[in-house]
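# Report on the structure
Here are the chains, one letter per residue:
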Amino acid sequence: MEIDKAIRESDDIRLKTKYNNAVHVIQRALALYPVEEVAFSFNGGKDSTVLLHLLRAGHYLHEAGKNLSSGNLGDAEINFPVRTIYFESPSAFPEINSFTYDTAFIYKLQMDIIRLDFKSGLEALFKAHPIRAIFLGVRIGDPTAVGQEQFSPSSPGWPPFMRVNPILDWSYRDVWAFLLTCKVQYCSLYDQGYTSIGSIHDTVPNALLCQSKTSNSEQNYKPAYLLPDGRLERAGRVKKGTSQPLHAISNGFKHDDSHLKRMFTASVIAVGDEILFGTVEDRMGSILCRKLHSVGWAVSHIAVTRNDVDSVADEVERLKSTNDMVFIYGGVGPLPSDLTVAGVAKAFGVRMAPDEEFEEYLRHLLGERCTGDRNEMAQLPEGITELLHHEKLRVPLIKCQNVIILTATNVAELESEWDCLIELMTSNGLLVITEPFVSKRLTTTLSDVEAAQPLSEICSKFPDLYVGAYREARGGSLIITVDGKEKSRIAAAADALCSKFGVGALSEI
Ligand SMILES: Cc1cc2nc3c(=O)[nH]c(=O)nc-3n(C[C@H](O)[C@H](O)[C@H](O)COP(=O)(O)O)c2cc1C
Ligand SMILES: Nc1ncnc2c1ncn2[C@@H]1O[C@H](COP(=O)(O)OP(=O)(O)OP(=O)(O)O)[C@@H](O)[C@H]1O
Ligand SMILES: [Mg+2]
């Protein structure tokens, strides 16, 4: 069997592992369901092309296992009896259509062409045939993969059947390693810069593969297998005619001037039992607040939570929906108490999935101590994670939608991480720097009771400013703070305070 042979002869250990696992899932499915009760959902896409060849290999090996004693394999190698279904749509690319038909012919697939929507098509299929399980080329990172396992019953509202996903844990790179190692044909669009193919209305070549304009001013794209970062495989899934930049897709901010005037808010979460026990004093929170104010962001909340998935998830879930951004630190790493990333995943309702690129960084950093697939540190929240790289960072920063996971464990690390973060996020529009906050501090020897009335009048007269007061010692002087973005307003508030407190009662620090 040529696929099995190609993988066995390859020295790509990772690919061999992925192949063995996928074939194992296929063989389990074929042991559970008679072959007449399974179907293969094929649409000419790269993932389903991988699956086709895995199924051919899995079926062959399954038959070989059954016939081990007799040595009689018959025509198992050439005959692929699994019913194949193709939902043909008028908005499919002609190249996808012809590749699907050509492949069905070459491999003698028994293909049912269904010209209905998925649900009605499946209902019609189940009326005509006793199908109970369907093989799909769904992979982690696909929007529809969230919450799925290798064997997942169809969703509520769908006709009942088992979805079998043998390549669920395959990365973009694994898919291409397989197709190239086995030297099988794939749809020609993947050689023209397409990296994930939907309909003609929502799919364009991936801009990250665009190399230059050719003489006739047509754009020229590199083949899909050269995309360096598999997480951007769906960057070509946008409406034609819109040239939305990548960062605008991955982030909700619009880029017009009105945003420079709007107030952005952030919250900060520190994770650490040691802070709650009082063993360690958290200094990073206050530094982050100052840094955020220096880029014009208001901080609405600082929280400290336990090293516990649910505590982190509760806090993140609450704060991510009421803030533009949430910064979380502590509890990131390989220790049993390092559960912050899992808590963030839970807050978004997604599971943790292996991230090949992050694993690569960890391997670089930890060498042999990084244990590949089983390294839990290489697992990141599925489908919502972006890695932010900077040459000065040993490991990229982890961004899950509007939650930034900082890996700093001390003030010095935080300083350098922050500088990289600001550089990265501002350059790609993920963070908007607005007018920084400025602060004035005044001191008085008046008592709290004497200061209360004039302070309350100032608060109502300057609602755009933050006016506060505190004492460092019970017998010491009262310190009044005025924070805001407009220097002239702060000066006006300070003048108004001076005149209310009386001459000499207030002095500036
Ligand atoms: C055979 C088959 C079974 C499917 N079963 C389900 C299902 O149980 N639940 C669901 O939400 N979507 C199901 N879908 C829909 C897919 O999740 C997804 O929407 C579809 O493949 C389009 O993906 P795309 O937008 O990436 O092109 C199924 C699709 C196919 C072809
Ligand atoms: N029109 C369709 N007919 C049959 N199966 C389909 C169809 N659309 C999707 N599927 C099934 O859903 C799986 C996931 O689709 P998806 O678009 O993510 O992958 P793909 O088309 O194989 O590759 P690509 O990501 O490059 O588009 C496919 O592998 C296939 O099993
Ligand atoms: Mg597709």
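Residues numbered from 1 in each chain as written. Chains lettered and ligands numbered in written order. Predicted model: local features only at pLDDT ≥ 70, side-chain atom pairs only at ≥ 80, totals over all residues. Heavy atoms only, no water.

## Some details on the overall build of the protein
- Check the secondary structure of the protein and you find 16 helices and 20 strands.
- A buried classification covers 49% of the 509 residues belonging to the protein.
- Pairs at least 24 residues apart make up 72% of the contacts formed inside the protein by residues separated by at least 6 positions. (Helix = DSSP H or I, 4+ residues; strand = E, 2+ residues; numbered from the N terminus. Buried < 20%, exposed > 50% of the residue type's maximum accessible area, 1.4 Å probe, protein only. Contact = heavy atoms within 4.5 Å.)

## So, the pattern of salt bridges
- Tallying each qualifying case throughout the model produces 29 salt bridges.
- In this structure, Arg-14 and Glu-356 form a salt bridge, with 3.3 Å as the shortest nitrogen-oxygen distance. Taken together, the residues span a long stretch of sequence, with Arg-14 in helix H2 (residues 13-32) and Glu-356 in helix H13 (residues 356-366) at a distance of 342 residues.
- With a relative accessible area of 13%, Glu-356 lands in the buried category.
- Of the charged contacts, one joins Lys-291 and Glu-415 as a salt bridge, the two residues approaching to 2.9 Å between their closest N and O atoms. A residue pair is termed long-range when its members are at least 10 positions apart, and Lys-291 in helix H10 (residues 284-294) and Glu-415 in helix H14 (residues 411-427) qualify at 124 residues.
- A relative accessible area of 15% places Lys-291 in the buried class.
- Under the relative-accessibility criterion, Glu-415 is labelled partly exposed at 32%.
- Through salt bridges with shared partners, a single network forms among Arg-14, Lys-18, Asp-169, Arg-173, Asp-174, Glu-356, Glu-359, Glu-360 and Arg-363. (Salt bridge = Lys/Arg side-chain N within 4 Å of Asp/Glu carboxyl O.)

## Considerations on the environment of Val-164
- Among the secondary structure elements, Val-164 is positioned in strand E6 (residues 162-164).
- With relative accessibility at 1%, the residue Val-164 sits in the buried group.
- Separated by 27 residues in the primary sequence, Val-164 and Gly-137 have C-alpha atoms spaced 8.7 Å apart.
- Dropping the residues within four chain positions of it, Val-164 is found in contact with Val-25, Ala-29, Ala-133, Ile-134, Phe-135, Leu-136, Gln-150 and Phe-151.

## A word on the site of ligand 2
- Surveying the vicinity of ligand 2 reveals 20 residues, the closest of which are Ser-41, Lys-46, Ser-48, Tyr-190 and Ile-197.
- Separating an oxygen atom of ligand 2 from a side-chain N or O atom of Asp-47 is a distance of 3.1 Å.
- Within the backbone of Gly-137, a nitrogen or oxygen atom sits 3.0 Å from an oxygen atom of ligand 2.
- Taken atom by atom, the bulk of ligand 2 overlaps the second largest pocket. (Near = heavy atom within 4 Å. Polar contact = N/O pair within 3.5 Å; in protein donor to acceptor, adjacent residues only side chain to side chain. 1 Å grid on protein atoms, 1.4 Å probe; cavity = no way out; pocket = protein on both sides within 12 Å on 5 of 7 lines; lining within 4 Å. Sits in = over half its atoms within 2 Å of the grid points.)

## What about the side chain of Asp-112?
- Position of Asp-112 among the secondary structure elements: in strand E3 (residues 111-114).
- Engagement of the side chain of Asp-112 in a polar contact is seen with the side chain of Arg-83, the distance being 2.8 Å.
- Apart from residues lying up to four places away in sequence, Asp-112 is in contact with Arg-83, Thr-84, Ile-85, Tyr-86, Leu-125 and His-129.

## Some details on the site of ligand 1
- Near ligand 1 lie 13 residues; those nearest to it are Phe-118, Thr-144, Ser-155, Trp-158 and Arg-163.
- Within the side chain of Trp-158, one N or O atom sits 3.4 Å away from a nitrogen atom of ligand 1.
- Between an oxygen atom of ligand 1 and a side-chain N or O atom of Arg-163, the distance comes to 3.3 Å.
- Protein chains shield 70% of the accessible area of ligand 1, which is 630 Å² for the free molecule.
- When atom positions are compared with the pocket grids, ligand 1 is found to occupy the second largest pocket.
- Its residues assigned to classes, the shell around ligand 1 comprises six nonpolar, four polar and three charged. (Areas by Shrake-Rupley, 256 points an atom, 1.4 Å probe, with all protein chains shown as cover. Nonpolar A, V, L, I, M, F, W, Y, C, P; charged D, E, K, R; others polar.)

## A word on the packing of aromatic side chains
- Here the structure, examined in full by the defined rule, presents 13 aromatic pairs.
- Relative to Tyr-186, the ring of Trp-176 lies with its centre 4.8 Å away and its plane at 85°, an arrangement referred to as edge-to-face. Of the two residues, Trp-176 is situated in helix H6 (residues 172-181) and Tyr-186 in the loop between H6 and strand E7 (210-213); the sequence distance between them amounts to ten residues.
- On the basis of relative accessibility, which here comes to 3%, the residue Trp-176 falls in the buried class.
- We classify Tyr-186 as buried; its relative accessible area is 16%.
- Chaining the aromatic ring pairs together yields one cluster made of Trp-176, Tyr-186, Tyr-190 and Tyr-225.
- One residue, Lys-485, lies across the ring of Phe-437, its end atom 5.2 Å from the ring centre. (Phe/Tyr/Trp six-rings, centres within 6.5 Å; stacked < 30°, edge-to-face > 60°. Lys NZ or Arg CZ within 6 Å of the ring centre and 35° of its normal.)

## Looking at the environment of His-62
- Structurally, His-62 is set in helix H3 (residues 46-66).
- In sequence terms His-62 and His-24 are 38 residues apart; their C-alpha atoms lie 9.4 Å from each other.
- Non-local contacts of His-62, meaning those with residues more than four positions away in its chain, are made with Gln-27, Leu-30 and Ala-31.

## Describing a nonpolar patch on the surface
- The grouping of Leu-180, Tyr-225 and Leu-226 at the surface amounts to a nonpolar patch, some 260 Å² of accessible area in total.
- Among the residues examined, Leu-226 registers a relative accessible area of 43% and is labelled partly exposed. (Patch = residues over 30% accessible without salt bridge, like charges linked within 9 Å, V, L, I, M, F, W, Y side chains within 5 Å.)

## A look at unusual backbone geometry
- Notably, Lys-108 is not glycine yet its phi reads approximately 50°, a positive angle.
- Among the structural elements, Lys-108 can be located in the loop between helix H4 (94-106) and E3.
- A positive phi angle, near 50°, is found at Lys-183, a position not held by glycine.
- Relative to the helices and strands, Lys-183 is located in the loop between H6 and E7.
- Look at Lys-183 and you get exposed, because its relative accessible area is 73%.

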